[in-house]
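Given next are the chains, with one letter for each unit.
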Amino acid sequence: MEKKIDRIGVLTSGGDAPGMNAAVRAVVRTAQSMGIECIGIRRGWHGLISGDFEVLKPGSVSHILTRGGTILYTARSEEFKTKEGRKKAVATCKMLGIDGIVAIGGDGTFRGALELSRMGIPVVGVPATIDNDIGCTNYSIGFDTACNTAIDCIDKLRDTMQSHERCSVIEVMGRDAGFLALYVGIAVGATAVLVPEKKLNIEEDVIEKIRDSRIAGNTHFMIVVAEGAGKAYDIAAAIRDEIGIDPRVTVLGHIQRGGSPSARDRETATRMGYYAVKAFAEEKENTVICIQNGAITAIPIEEALKMKRSLQMDRYEILETVGIKAFPED
Ligand code: ATP
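Counting starts from 1 at the beginning of each chain's written sequence and moves along it residue by residue. Under the rules for a predicted model, residues below a pLDDT of 70 receive no local features and side-chain atom pairs below 80 are neither given nor counted, while totals for whole chains, interfaces and linings still include all residues. Values shown for side chains rest on all heavy atoms present in the structure; no hydrogens or waters enter the calculation.

### Section: the pattern of salt bridges
Working step 1: Take a side-chain nitrogen of Lys or Arg and a carboxyl oxygen of Asp or Glu: if they are within 4 Å of each other, that pair is a salt bridge. Scanning the model with the defined rule gives 22 salt bridges in all.
Working step 2: Notably, a salt bridge pairs Arg-42 with Glu-54, separated by 3.3 Å at the nearest N-O pair. Taken together, the residues Arg-42 in the loop between strand E2 (37-41) and helix H2 (44-50) and Glu-54 in strand E3 (residues 53-56) connect sequence positions 12 residues apart.
Working step 3: Classification of residues uses two cut-offs on accessible area relative to the type maximum, computed with a 1.4 Å probe and protein chains only: under 20% is buried, over 50% is exposed, and between them is partly exposed. Of the residues examined, Glu-54 reaches a relative accessible area of 25% and is grouped as partly exposed.
Working step 4: Note that Glu-282 is salt-bridged to Lys-284, the shortest N-O span being 3.4 Å.
Working step 5: Three or more residues joined by partner-sharing salt bridges are found here, namely Arg-42, Arg-43, Asp-52 and Glu-54. Working definition: helices are DSSP H or I runs of at least four residues, strands are E runs of at least two. Numbering for both runs from the N terminus.

### Description of the environment of Asp-265
Working step 1: Its location among the elements puts Asp-265 in helix H9 (residues 263-281).
Working step 2: Using a relative accessible area of 0% as the deciding quantity, one classes Asp-265 as buried.
Working step 3: Through-space distance from the C-alpha of Asp-265 to that of Val-188 is 20 Å; in sequence the pair is 77 residues apart.
Working step 4: Working rule for contacts: check all heavy atoms of both residues, and any pair within 4.5 Å makes them a contact. Contact partners of Asp-265, with chain neighbours within four places excluded, come to Pro-18, Tyr-139, Ser-140, Ile-141, Gly-142, Phe-143, Asp-144 and Thr-145.
Working step 5: From its side chain, Asp-265 meets the backbone nitrogen of Gly-142 in a polar contact 2.9 Å long. Definition of a polar contact: a pair of N or O atoms within 3.5 Å, with one able to donate and the other able to accept a hydrogen when the atoms are protein atoms, and with sequence-neighbouring residues admitted only if both atoms are side-chain atoms.

### Focus: the sheet that holds strand E10 (residues 287-292)
Working step 1: Strand pairing requires that DSSP identify at least two bridges connecting the strands. What the 7 strands build is an open sheet, ordered E3-E2-E1-E4-E5-E10-E11; its pairing is mixed. In this open sheet, the two strands that pair with only one neighbour each are E3 and strand E11 (295-300). Between one strand and the next, the sheet's axes are offset by a mean angle of 30°, whatever the strand orientation.
Working step 2: The pairing of strand E1 (residues 7-12) with strand E4 (residues 100-105) spans 5 bridges and is parallel. Across the sheet, residue Leu-11 finds its bridge partner in E4, namely Ala-103. Fitted lines through C-alpha atoms serve as axes, helices being fitted only where they are in contact, and the angles separating the N-to-C directions of these axes extend from 0 to 180 degrees.

### Observations regarding the packing of aromatic side chains
Working step 1: Paired rings are identified among Phe, Tyr and Trp, the last through its six-membered ring, by centres lying within 6.5 Å, and are further divided according to the angle between planes into stacked (under 30 degrees), edge-to-face (over 60) and tilted (the rest). The final tally for this structure, using the stated rule, is 4 aromatic pairs.
Working step 2: With a centroid separation of 4.4 Å and 5° between ring planes, the pair formed by Trp-45 and Phe-80 is classed as stacked. Linking Trp-45 in helix H2 with Phe-80 in the loop between E3 and helix H3 (83-96), this pair joins segments that are 35 residues apart in sequence. Phe-80 shares its class with Trp-45; the two are buried.
Working step 3: Ring geometry for Tyr-274 against Tyr-275: centres 5.0 Å apart, planes inclined by 85°, an arrangement best described as edge-to-face.
Working step 4: One aromatic cluster in this structure is built from Tyr-139, Phe-143 and Tyr-183.
Working step 5: Over the face of the ring belonging to Tyr-73 we find Arg-43, whose NZ or CZ atom lies 4.5 Å from the ring centre.
Working step 6: The rule for a charge over a ring is simple: NZ of Lys or CZ of Arg within 6 Å of the ring centre, and within 35 degrees of the ring normal. Residue placement shows Arg-309 over the ring face of Phe-179; its charged tip is 4.3 Å from the ring centre.

Structural data, given as structure tokens:
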């Protein structure tokens, strides 16, 4: 039995991630197929407070599947964290006749969604962040594209590092999580990967690895540092002091957020956007659309926010086993 929904809003919030547009497109087109009107709220929760919106027709989202960023813009709103701010957002929803909102973003966005749902506006969350650190889902939109972008940059760096027999320290994004760094580190065959989840021991985690790599015959070294694990310039200085080689530092920064979404991000975003709209009709609102063991599932926001994802530390073992560890026995 499907519930009657006339109009929904869709917004993107928090940090942008490649694939957000694909999710917006899926929301608009799925809504259309169910006879639901779709309103695009610009600039996340901020736009809901100020009444910054546009009516989205199926044609409004043509040609955005391949585009990075978000056509709805994104923002962070301190005002939305206050009850007064959220009252204004509720008033906008009432004024627009919105029966529910699809909120595409990260944990912060879902915390805002939970508060809004408690004030009577149904919300469905869609996880999107390049950090892949949202506890309730095995995968968040944008991670694959960000990994590919980082890998592409590091492969290019490797060409020049190899030619000059240099050491490179590369800082990747990820905030307090090492998912991006470890995944990328494995994919580029890094000499060492530093993540916030593992307390840094510069001697063991970096210097010894470079020494081992040298013994194995390497003349160039790639150290991948998650932004939450330490500053790339500090790591480089420690390498210089300890081992006498002069590393080059590259901070990849916001370049990792951009670019056309990968196949995985387009496909995942499309499926998540579709199920987000279906969730309203099936009375599964106030949930986050998650991927658990490969399947899409809707988890209540409150429960979703309590869930934690931890880094699979066996990947460290894998990185070392197929990297430097294998060589001395040759
Ligand atoms: P990213 O992972 O890219 O940072 P995010 O969704 O976690 O994305 P945040 O800046 O943490 O990004 O949150 C986005 C917005 O959600 C905030 O600017 C704020 O408006 C709202 N928000 C966050 N936490 C709360 C909260 N506790 N109560 C109400 N609103 C919140």
